[in-house]
Amino acid sequence: MSQVAARFDQYRNGYENIHLEREDGILLMTLHTGGGSLVWSATAHEELGFCFTDVGADRENKVVILTGAGDNFCAEINAGSFKLSTASDWDFTFYDGRRLLVNLLDIEVPVISAINGPARIHPEIPVLSDIVLASETALFQDAPHFMSGIVPGDGAHVVWPHLLGANRGRYFLLMGQELDARTAMSYGVVNEVLAADKLLARAKEIARYIGDMPLLTRRYTRVALTQRIKRLMHEGLGYGLAMEALAAVDKLPEAGRMKDAR
């Protein structure tokens with residue numbers, strides 16, 4: 001066990017938008033805003049990267065389940081919480097944006113997502129999990145980017161062409177396409193579609209099965225299975241964020257979900 005990494009009792013209550021609970025090594029991460037469905041914000045954007053670091057460093061975590069509170073995984077954004085007008089403003093987004101997805105992929109135990117409803121804001125986060133479960137009410141859309149006047153450069157441009165295939169992925173991002181849960185399953189993004197009241201129970205069932213595997217089997221299987229997407233993320237994430245920043249500094253959106261960004 002690491003003598004330096006934070007213990008669970010040290011970080012479990014440290015995040016405004018992430019509720020953490022653990023039983024038998026199964027860590028349940030529930031994203032929320034005030035106990036309801038997560039409203040994406042600059043705070044959530046910053047917190048997730050730091051939380052993923054804590055989770056990944058804690059070797060008492062055998063398996064991670066990522067889910068949302070309420071009826072949506074994340075369908076709304078507080079655009080006014082983001083400052084995007086200058087290079088100095090973007091320095092914070094650039095830093096947090098890289099940490100968020102890289103630190104998620106650096107968690108060296110299997111991650112299961114239980115997508116409890118529409119994921120319109122940063123849907124690339126839950127679909128990066130090793131096992132993706134979705135409720136019948138779930139849908140996927142990249143709402144805050146191209147259709148709202150922002151370059152989809154903060155990882156969406158890496159994840160969706162990788163999962164959907166190049167042409168489907170680009171169409172999804174450019175057209176603001178909505179994918180319902182069963183279509184996403186037919187495209188290979190989702191593994192199982194379940195009734196909303198069965199979703200979390202199924203995630204925990206799978207987590208117990210994985211948690212019973214030998215320690216290094218669990219950890220190194222995760223490392224092996226994420227190697228390719230980590231390489232793609234390291235190649236493309238910083239470049240994409242730079243393109244996103246350049247376009248935003250030139251002209252901030254005047255309509256759509258990001259019109260209140262400053």
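Look above for the structure.
Please read all numbers here as calculations on a predicted model, not as lab measurements.

Participant: Can you help me understand the pairing of strand β1 (residues 18-23) in this one?
Facilitator: Remark: a regular strand shows side chains that alternate across the two faces of the sheet. Two elements, β1 and strand β2 (residues 26-31), share six bridges in a ladder whose sense is antiparallel. Bridging from a neighbouring strand, L20 pairs with M29 of β2. The hairpin formed by β1 and β2 contains two residues between the paired strands, and D24 there has a positive phi angle of roughly 55 degrees.

Participant: Any chance you could explain the packing of helix α3 (residues 87-105) against helix α9 (residues 215-250) here in plain terms?
Facilitator: If you want to describe how two helices pack, look at the angle between their axes and the distance between the axes. Two elements in contact, α3 and α9, have axes whose closest approach is 9 Å; the angle formed by their N-to-C orientations is 165 degrees. Here α3 is positioned roughly antiparallel relative to α9, judged by the angle of their axes. You can see that α3 and α9 cross each other, and the crossing is right-handed.

Participant: I would appreciate a short explanation of the pattern of salt bridges in the present structure.
Facilitator: Pairing of side chains with opposite charge becomes possible as their charged atoms draw close. One pass over the full model with this rule turns up twelve salt bridges. E235 is the salt-bridge partner of R231, the closest N and O atoms lying 3.3 Å from each other. With R231 and E235 both in helix α9, this residue pair falls four residues apart, about one helical turn. Assessed through its relative accessible area of 53%, E235 is described here as exposed. Residues joined in a network through salt bridges with shared partners are E192, R202 and E205.

Participant: Would you mind showing me how to read helix α8 (residues 196-211) here?
Facilitator: With 16 residues, α8 should reach 22 Å at 1.5 Å per residue; the first-to-last C-alpha distance of 24 Å fits that figure. Of all the positions in α8, only L199, A203, I206, A207, I210 and G211 are classed as buried. Buried residues in α8, looked at end-on, bunch into an arc of 135 degrees, giving them a common side. Away from its buried face, by an angle of more than 90 degrees, α8 presents the exposed residues D197, K198, A201 and Y209. Residues of α8 that are buried make contact with β2, β4 (63-68), β6 (111-115), β7 (131-135), β10 (192-194) and α9.

Scoring rules and cut-offs
Residues numbered from 1 in each chain as written. Predicted model: local features only at pLDDT ≥ 70, side-chain atom pairs only at ≥ 80, totals over all residues. Heavy atoms only, no water. Pairing = 2+ DSSP bridges. Helix = DSSP H or I, 4+ residues; strand = E, 2+ residues; numbered from the N terminus. Axes fitted to C-alpha atoms, helices over the stretch in contact; angles between N-to-C directions. Parallel < 35°, antiparallel > 145°, perpendicular 65-115°, else oblique. Left-handed = near helix turned anticlockwise from the far one by under 90°. Salt bridge = Lys/Arg side-chain N within 4 Å of Asp/Glu carboxyl O. Buried < 20%, exposed > 50% of the residue type's maximum accessible area, 1.4 Å probe, protein only. Expected span 1.5 Å × (residues − 1). Arc of directions from axis to C-beta. Contact = heavy atoms within 4.5 Å.

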